[in-house]
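Listed below are the residues making up each chain.
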Amino acid sequence: MDVSGIIKALGENFSKWVEIVRTKTRYAVLATALFMAAMFMVVLATQGPLISRMFDYYAGSNERANAVALQAIVEQDKANDLAIQRMLRRLMRDLQAGRVVVSILVFNTATGEFSDLTESHEIMDRRAERTGLRSRALSRGDVQNTLDRMFPADGRVVCMTSEVDDLPDLELQMFLRTAQFSWTSACPIIDPDGVPMGLLAVSGREAVFDRDAVTQRVRDSAFLLSGYLLRSPSAIAARKRLENQ
């Protein structure tokens, strides 16, 4: 049969189908449904693996999107810790200090007391490293008087720059003298709700000629650190260690 014959046959069959639909709609609908079902079975039998992969792809699109979003959060958290490290190094360099540390505090808002503190980020020079200062730790009791001065009962927070010999805690004095530090400056780190979450401390050996300028610089750095600490893996891990003690 040539092309013209095929076209003619299709036209005649189509005309018959139209007549059936017009005069016997019920049978036409049933026939159409059966035809579509048969075609679907043929496609399913011949293209089953492809259709299965398509369903799997679209069904897993939400999971893939969630995984991508989670990975982006993880990468951002890592970037926060790197930003903190860069900020601390710049602060130590600009103030000619020998040690910069971020300590995480666990603060009980009901009692107004600190349960404990631990370092989440710490940078020190080689001279301090050689003294073994990094392996030493300060407990809450070792710095309680200093904390009381920085976090008074009236709810204010106080930044302070002091000679080591003038610190109110003897244990803290002895700790800093281990690395021959002569001064230290510290400022609270507050979360967006106004709750203390930590403190930033800088210590150096050379005499401080402008105490107010040092205090202001540490205060500004503590303010900038507050946002980074909220999503810092190191800070979160330090807080969990304290809470699980």
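## A word on the overall build of the chain
Helices and strands together make up the secondary structure of the chain, namely eight helices and five strands. In the chain, which comprises 245 residues, the proportion classed as buried is 36%. Partitioning the intrachain contacts of the chain with sequence separation of at least 6 by distance along the chain shows that 62% fall at a separation of at least 24.

## Section: the layout of surface pockets
Any space left empty among the atoms is revealed by the rolling of a water-sized probe across them. What the largest pocket holds in volume is close to 240 Å³. Looking at the lining of the largest pocket, the elements with two or more residues in it are β2 (113–124) and α5 (144–150). Among the residues making up the lining of the largest pocket, the classes are represented as eight nonpolar, four polar and three charged.

## Re the state of the cysteines
Here the structure, examined in full by the defined rule, presents one disulfide. Disulfide pairing places C159 opposite C187 at an S-S distance of 1.8 Å. Remark: C187 occurs in strand β4 (residues 183–190) and C159 occurs in the loop between α5 and β3 (160–163); sequence separation between them is 28 residues. Residue C159 is classed as buried on the basis of its relative accessible area, which comes to 15%.

## Overview of the confidence of the model for the chain
Averaged over all residues, the pLDDT of the chain is 79; the fraction at 70 or higher stands at 66%. Ranking the helices and strands of the chain by mean pLDDT puts helix α6 (residues 170–177) first, with 95, and helix α1 (residues 3–23) last, with 57.

## Some points on the nonpolar core
In terms of nonpolar packing, the biggest core is built from 25 residues, with L88, I189, L200, V202, L225 and L229 touching the most fellow members. For this core, the elements supplying multiple residues, two or more each, are α3 (61–94), β1 (99–108), β4, β5 (196–204), α7 (211–230) and α8 (233–243). Listed in part, the 23 residues of the second largest apolar core include L105, L147, V164 and A179.

## Description of the pattern of salt bridges
Overall, the coordinates contain eight salt bridges when judged by the stated rule. The closest approach of N and O atoms between R134 and E122, which form a salt bridge, is 3.7 Å. Linking R134 in the loop between α4 (126–130) and α5 with E122 in strand β2, this pair joins segments that are 12 residues apart in sequence. Overall, R134 belongs to the partly exposed group, its relative accessible area being 37%. For E122, a relative accessible area of 17% translates into the label buried. One salt bridge in this structure joins R211 and E163, with 3.4 Å as the shortest N-O distance. Residue R211 is found in helix α7, and its partner E163 is found in strand β3; the two are separated by 48 residues along the sequence. The partly exposed category is assigned to R211, whose relative accessible area is 38%. Taking the relative accessible area as the measure of exposure, E163 reaches 27% and is therefore partly exposed. Via salt bridges that share partners, R99, E122, E129 and R134 belong to a single interconnected network.

## A few points about α7
In a regular helix each residue adds 1.5 Å, so 20 residues correspond to 28 Å; α7 covers 29 Å between its end C-alpha atoms and thus fits that length. The axis of α7 is deflected most strongly, by about 25 degrees, at L224. Those residues of α7 that sit buried are V214, T215, V218, S221, A222, L225, S226 and L229.

## Describing unusual backbone geometry
Here the phi dihedral of Q96 falls at roughly 50 degrees; this positive angle occurs in a residue that is not glycine. Overall, Q96 belongs to the exposed group, its relative accessible area being 60%. A positive phi is found at Q180, a non-glycine position, where the angle reads about 60 degrees. Locating Q180 in the fold gives a position in the loop between α6 and β4.

## Remarks on α6
Among all positions of α6, only L172, Q173, F175 and L176 are buried. Take α6 and look down its axis: the buried residues cluster within an arc of 165 degrees, on one side only.

Thresholds applied
- Residues numbered from 1 in each chain as written.
- Predicted model: local features only at pLDDT ≥ 70, side-chain atom pairs only at ≥ 80, totals over all residues.
- Heavy atoms only, no water.
- Helix = DSSP H or I, 4+ residues; strand = E, 2+ residues; numbered from the N terminus.
- Buried < 20%, exposed > 50% of the residue type's maximum accessible area, 1.4 Å probe, protein only.
- Contact = heavy atoms within 4.5 Å.
- 1 Å grid on protein atoms, 1.4 Å probe; cavity = no way out; pocket = protein on both sides within 12 Å on 5 of 7 lines; lining within 4 Å.
- Points joined across faces, edges and corners; volume = space filled by probe spheres on them.
- Nonpolar A, V, L, I, M, F, W, Y, C, P; charged D, E, K, R; others polar.
- Disulfide = S-S within 2.5 Å.
- pLDDT = per-residue confidence, 0-100.
- Core = buried A, V, L, I, M, F, W, Y, C linked by side-chain atoms within 4.5 Å.
- Salt bridge = Lys/Arg side-chain N within 4 Å of Asp/Glu carboxyl O.
- Expected span 1.5 Å × (residues − 1).
- Bend = angle between axes of the 7 residues up to and from the residue.
- Arc of directions from axis to C-beta.

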